[in-house]
Number of protein chains: 2
Amino acid sequence: MIVCKFGGTSVASAEQIKKVANIVKANPQRKIVVVSAPGKRFSDDIKVTDLLIELADAVLNNGDIEQKRDRVVNRFKEIAADLGLNHEICDVIAKDLQERIDSDQSNKNLFIDNLKASGEDNNAKLVAEYFNSIGVPAKYVSPKDGLVLNDPPERTYALPETYENLKDLAKGEEIVVYPGFFGYTKDGVLRTFDRGGSDITGSILAASVKADLYENFTDVDCVFSANPKVVNDPVGISEITYREMRELSYSGFSVFHDEALMPVYKLGIPVNVKNTNNPSAPGTKILPTRSLAGSHPVTGISADSGFSILYVSKYLMNREIGFGRKLLQIIEEEKISYEHTPSGLDDISVIIRSTQLTDEKEARIIKRVKEELHADDVYFRHGISMIVIVGEGMRNNTGLAARAASAISRTGANIEMINQGSSEVSLVFGVLSQTENQILRALYDEFFAPITIG
Amino acid sequence: MIVCKFGGTSVASAEQIKKVANIVKANPQRKIVVVSAPGKRFSDDIKVTDLLIELADAVLNNGDIEQKRDRVVNRFKEIAADLGLNHEICDVIAKDLQERIDSDQSNKNLFIDNLKASGEDNNAKLVAEYFNSIGVPAKYVSPKDGLVLNDPPERTYALPETYENLKDLAKGEEIVVYPGFFGYTKDGVLRTFDRGGSDITGSILAASVKADLYENFTDVDCVFSANPKVVNDPVGISEITYREMRELSYSGFSVFHDEALMPVYKLGIPVNVKNTNNPSAPGTKILPTRSLAGSHPVTGISADSGFSILYVSKYLMNREIGFGRKLLQIIEEEKISYEHTPSGLDDISVIIRSTQLTDEKEARIIKRVKEELHADDVYFRHGISMIVIVGEGMRNNTGLAARAASAISRTGANIEMINQGSSEVSLVFGVLSQTENQILRALYDEFFAPITIG
């Protein structure tokens, strides 16, 4: 049994939804279909979700509600017409949207959530309607009947009972069409996951029904070994482990939302990233383990800018039990998470995403580290990029760090930090952001470029 | 004004003490002389401190006190006779030792401290006597008059008033001969520093009198760039910064006790490591800063075995604020200090000196990390060595990490961890201990071996 999820571009138009239907029909194992809201049809198009955010904003700030509402409704009407569906489904969608517009606005965030979620919810109704219209028995199922979320304001996640509630979801004869992106609290309040949250819904459903496979349909043939915006025509990845995928979750690998894989990861359910527009391409398989025989030592290289380094030094630091812990506590008390903490004997660097910092927070941290930890030197540096080389095959691969560092040094760039832990599945370099792209290309060439003779 | 400290081998015999006198006479700036207890005269010799430990053991456990006491006294008698001193000084020493033997044993550790310290204390008296006998006005000064220590059982350190108490120590006409290694609490209880603690005494005195230079006389011409027991005839270091010295304080660089440099470091007083047996050799200068012009990027390479790695992995670890801090807290609660914490996105390795671990502690840590932090995987690995490449000139030295990693990879050894923080004064590699010496030699060859042609 397969749970398949179709992203925004896969359900952006009638033409795309027809492809979805063909994919679902092609394999009777595909019993659960999770859909996003209609996405972009062309690069300057506006996603329905963004139209809905504009609509919510208009409602909350006395803007032009009607015009914005009609843009959403018309988008669905156009799809429905192109799919040859009658107006009934459009009436359902318009009525639903109006009810949301008229709903309680006392909690602005929840009101916005409620409007946003209508994109997925109504699209699921529309897709189910279309499936039935072409003789594929299908039913829309609302998350109200099982996808139970925690209460706000905590970051949204599914409560454990969800998996029990939904375990028989695929038992019927009909194909289940399920909206991604949202669920309901025990009190029936609608909440959404973070953006990209349809992936999470698909993953939760796959785990609930203990699917054999979770297919994630998007608009690329596969996950690439490096960011195609930086590296020219990078090699595609055919198989990757969960762990590799996680280590690569810096930018350039935004195929998956970070937390989306968690439910399937826990059960070891394989994931297949596939292309709605080219379903015969094998795509990228994300697996608990994979054979390393004959495979490349490096699976992928990711790079991301926007990091800062907090540098702290103190003579005899390493003799002081608790120094590192106290430093991390100060950072934690500012509600800041960190990436790495490379250290010398008397110094420690804490790598932090710069978006978490403000001048105020920095000043407070520096003051506390000086006063409470009696550090000799404390300062922040900004404009740092992290470059991560990932591969299960890197383990025990003598010389790989040497090759990587040599490739970087050939660009003339300086290495600000290096980090390789005992797992040896990843090797992290900190570099100045202005050298990031150049280094990414150099590393890609080192590990992936075909050897040219001459 | 110079404070000079002479180590155990520098005062091991009459012949050595004559060298000390010549060194002191050669420069009128040398106003304060700190002495250790007589050390080894030949490789199988026993240090007076070790004889005193045996004596203390005999007193506490009803052993042969007299024989062990006489060995100590005879050692001093022999030196005194060879220096042409009369028996009076030996009577003083014998009487002092007997008083210590008869002293309070209620706190065994303090009793042992009291006996051990007599080696330095009585040697200082003997050296002062000798100086006077050859017409060099000198006086023995007891730490009782100023070197104030904290109370037990806390690790011994000098209280701040020490520096005020001793600030005029060099003001008189006579040369001050001061015993190293010990001081007294406010209540007059004698306590010793850790082994090698005469270096600390010298450093404290140099800081107290704000000396222009702290000379540390030992039995080597200089600090070497790598352990001479592993690397054949390593290059000597002429200048090194405090920070480099600290980063090199793993074995092979045991010239200085870790904490010894702290007092002079704080005031930026330069240190000169020199050879009593070859005083014209320039030795190694330890300085707050040094010119990097024309200097080698790498100053030294140290290596040390006896490390363990605690490996912890958890899916989505880096999303969890406080994970690293909680892990370090568990380790801290076992009173364990750590060296480095290299990490991936979902894993963290904690490098720990293996001597701090027991089967019990390991089991407790693993249990707590699993139960309290819900880690996916937790285990210890042992038999790890740390190799540290150090140099102020490494900063902004593009390609140095590449050269180091390449040199290691040529040995065929695998790199278990790499760590380079933002200070860029050191680059740390974790390797399996059986590959340590081979790697140290390979790195030395890479960075120090003269280029041979042909």
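Please read all numbers here as calculations on a predicted model, not as lab measurements. (Residues numbered from 1 in each chain as written. Chains lettered and ligands numbered in written order. Predicted model: local features only at pLDDT ≥ 70, side-chain atom pairs only at ≥ 80, totals over all residues. Heavy atoms only, no water.)

## Focus: the overall build of chain A
Scanning chain A from terminus to terminus reveals 13 helices and 18 strands. The globule rule puts the C-alpha radius of gyration for 454 residues at 22 Å, and the 25 Å found for chain A is close to it. With the principal axes as the frame, chain A shows a C-alpha extent of 75 × 60 × 40 Å. Every one of the 454 residues in chain A was classed for burial, and the buried ones make up 60%. The contacts in chain A between residues at least 6 apart in sequence include a share of 75% that link residues at least 24 apart. Entry remark: accessible area of chain A is about 18000 Å², with carbon and sulfur atoms responsible for 48%. (Helix = DSSP H or I, 4+ residues; strand = E, 2+ residues; numbered from the N terminus. Rg over C-alpha atoms; globule rule 2.2 N^0.38 Å. Buried < 20%, exposed > 50% of the residue type's maximum accessible area, 1.4 Å probe, protein only. Contact = heavy atoms within 4.5 Å. Areas by Shrake-Rupley, 256 points an atom, 1.4 Å probe, with all protein chains shown as cover.)

## Here's the deal with helix α3 (residues 65-82) of chain A
Residue and element names in this part refer to chain A. Taking 1.5 Å as the rise per residue, α3 with 18 residues should run 26 Å; its terminal C-alpha atoms sit 26 Å apart, in good agreement. Turning to α3, its buried residues number three or more, namely R69, V72, V73, R75, F76, I79 and A80. Along the axis of α3, the buried residues cluster in a sector spanning 140°; they form a single face. Among the exposed residues of α3, those oriented more than 90 degrees off its buried face are E66 and A81. Each element contacted by the buried residues of α3 is listed here: α1 (14-26), α2 (48-60), α4 (88-101) and α5 (108-133). By the N-cap criterion, in which a side-chain oxygen at the helix start approaches the backbone nitrogen of a residue two or three places on, α3 is capped by D64, the distance to Q67 being 3.1 Å. The positive-phi residue at the C-terminal boundary of α3 is G84, with phi of around 75°. (Expected span 1.5 Å × (residues − 1). Arc of directions from axis to C-beta. Polar contact = N/O pair within 3.5 Å; in protein donor to acceptor, adjacent residues only side chain to side chain.)

## Observations concerning the domain arrangement of chain A
Taken domain by domain, chain A consists of domain 1 (2-219) and domain 2 (300-448). Here the C-alpha centre of domain 2 of chain A lies 40 Å away from the C-alpha centre of domain 1 of chain A. (Domains from an automatic or database assignment.)

## Some words on the interface of chain B and chain A
How big an interface is tends to be stated in terms of the accessible area lost upon association of its parts. Each partner contributes residues to the interface: chain B has 67 residues there, and chain A has 67 residues. Across the interface of chain B and chain A, roughly 5800 Å² is buried in total on both sides, 49% from carbon and sulfur atoms. Area buried by chain B at its contact with chain A is led by R246(B), Y315(B) and L345(B), which between them contribute 14% of it. Residue R325(B) pairs with E332(A) through a salt bridge whose shortest N-O separation is 2.6 Å. Seen at the junction of chain B and chain A, the total is 23 residue pairs in polar contact (both at pLDDT 80 or more). Of all the secondary-structure elements, those providing two or more residues to the side of chain B that touches chain A are α8 (242-247), α9 (262-267), β14 (300-313), α10 (323-333), β15 (347-353), α12 (400-410), β17 (417-420) and β18 (426-432) of chain B. Its residues placed into classes, the side of chain B that touches chain A shows 24 nonpolar, 26 polar and 17 charged. Summarising the sheet, strand β17 (residues 417-420) of chain A and β17(B) pair through three bridges and their orientation is antiparallel. (Buried area = accessible area lost by both parts, 1.4 Å probe. Salt bridge = Lys/Arg side-chain N within 4 Å of Asp/Glu carboxyl O. Nonpolar A, V, L, I, M, F, W, Y, C, P; charged D, E, K, R; others polar. Pairing = 2+ DSSP bridges.)

## Some details on the nonpolar core
In this structure, I389(A), L427(A), L443(A), I389(B) and L443(B) are the most contacted members of the largest nonpolar core, which totals 56 residues. Apart from residues no more than four positions distant in its own chain, L443(B) is found in contact with I301(B), I387(B), I389(B), A404(B), A407(B) and I408(B). (Core = buried A, V, L, I, M, F, W, Y, C linked by side-chain atoms within 4.5 Å.)

## Observations regarding the packing of aromatic side chains
When we look at a pair of aromatic rings, we describe it by the centre distance and by the angle of the planes. A full pass over the atoms with the stated rule returns twelve aromatic pairs over all chains. Measuring from centroid to centroid gives 4.7 Å for F6(A) and F217(A), while their planes differ by 15°, and the two rings are stacked. Within this pair, whereas F6(A) is found in strand β1 (residues 2-6), its partner F217(A) is found in strand β8 (residues 213-218), the two being separated by 211 residues in sequence. With respect to class, F6(A) is no different from F217(A); both count as buried. Consider the rings of Y242(B) and Y265(B), whose centres lie 5.5 Å apart with planes at 85°: the pair is edge-to-face. Of the two residues, Y242(B) is situated in helix α8 and Y265(B) in helix α9; the sequence distance between them amounts to 23 residues. According to the relative accessible area criterion, Y265(B) is partly exposed, its value standing at 26%. Taken together, the ring pairs in this structure connect Y242(A), Y265(A) and Y315(B) into an aromatic cluster. (Phe/Tyr/Trp six-rings, centres within 6.5 Å; stacked < 30°, edge-to-face > 60°.)

## Focus: the UniProt feature "binding site: ATP" (unreviewed entry) in chain A
Residues and elements named next belong to chain A. The UniProt entry lists K5, F6, G7, G8, T218 and D219 under the feature "binding site: ATP" (unreviewed entry), expressed in the numbering used here. The greatest C-alpha distance among the residues just named is 12.1 Å, despite their covering 215 residues of sequence, which places them together in space. Assignment of secondary structure puts G7 in the loop between β1 and α1. With residues up to four places along the chain from it excluded, the contact list for G7 reads S36 and F217. Mapped onto the elements of the fold, G8 is located in the loop between β1 and α1. Aside from chain neighbours lying at most four places away, what touches G8 is S36, A37, P38 and G39. (UniProt positions renumbered as here; feature names shortened; annotations may be inferred.)

## What to know about the relation of the copies chain B and chain A
Placing chain B over chain A gives an RMSD of 0.1 Å and needs a rotation angle of 180°, together with 0.1 Å of translation along the axis. Read as a symmetry element, the transformation amounts to a two-fold axis. Of the interface residues in chain B, 100% have counterparts in chain A that sit at the interface too, so the contact is made through matching surfaces. (Least-squares fit on C-alpha atoms with pLDDT ≥ 70 in both.)

## A look at the pairing of strand β8 (residues 213-218) of chain B
Regular strands place their side chains on alternate faces of the sheet. Residue and element names in this part refer to chain B. Within β8, six of the six residues are buried, which leaves the element mostly enclosed by the surrounding structure. By the alternation rule, side chains of β8 split into L213, E215 and F217 and Y214, N216 and T218, which are all buried. Pairing geometry for strand β1 (residues 2-6) and β8, over five bridges, is parallel. Counterpart to V3 in the pairing with β8 is Y214. Relative to strand β12 (residues 271-275), β8 runs parallel, the two sharing five bridges. Each residue of the ladder has a partner; that of N216, found in β12, is V273.

## Regarding the pattern of salt bridges
Opposite charge on two side chains lets them pair, provided their charged atoms get close. Residues and elements named next belong to chain A. Considering all chains together, one arrives at 58 salt bridges over all chains under this definition. In this structure, E54 engages R71 in a salt bridge whose closest nitrogen and oxygen atoms are separated by 3.7 Å. Of this pair, E54 sits in helix α2 while R71 sits in helix α3, placing them 17 residues apart in sequence. Here R71 falls in the partly exposed class, since its relative accessible area comes to 32%. Two residues, R353 and D304, come together in a salt bridge whose shortest N-O distance is 3.3 Å. Residue R353 is located in strand β15 (residues 347-353), and its partner D304 is located in strand β14 (residues 300-313); the two are separated by 49 residues in the primary sequence. Taken together, the shared-partner salt bridges connect R41, D45, R75 and E78 into one network.

## A closer look at unusual backbone geometry
Phi is mostly negative for residues that are not glycine, and the peptide bonds are mostly trans. Going from P152(A) to P153(A), the amide bond is cis rather than trans, its omega being 5°. Turning to its location among the elements, P153(A) is positioned in the loop between β4 (148-149) and α6 (161-165). A positive phi angle is found at F181(A), which is not glycine, with a value near 90°. By the element assignment, F181(A) lies in the loop between β5 (175-179) and β6 (182-185). Despite not being glycine, H374(B) shows a phi value in the positive range, around 55°. Position of H374(B) relative to the elements: it lies in the loop between α11 (359-373) and β16 (377-390). For H374(B), a relative accessible area of 53% corresponds to the exposed category.

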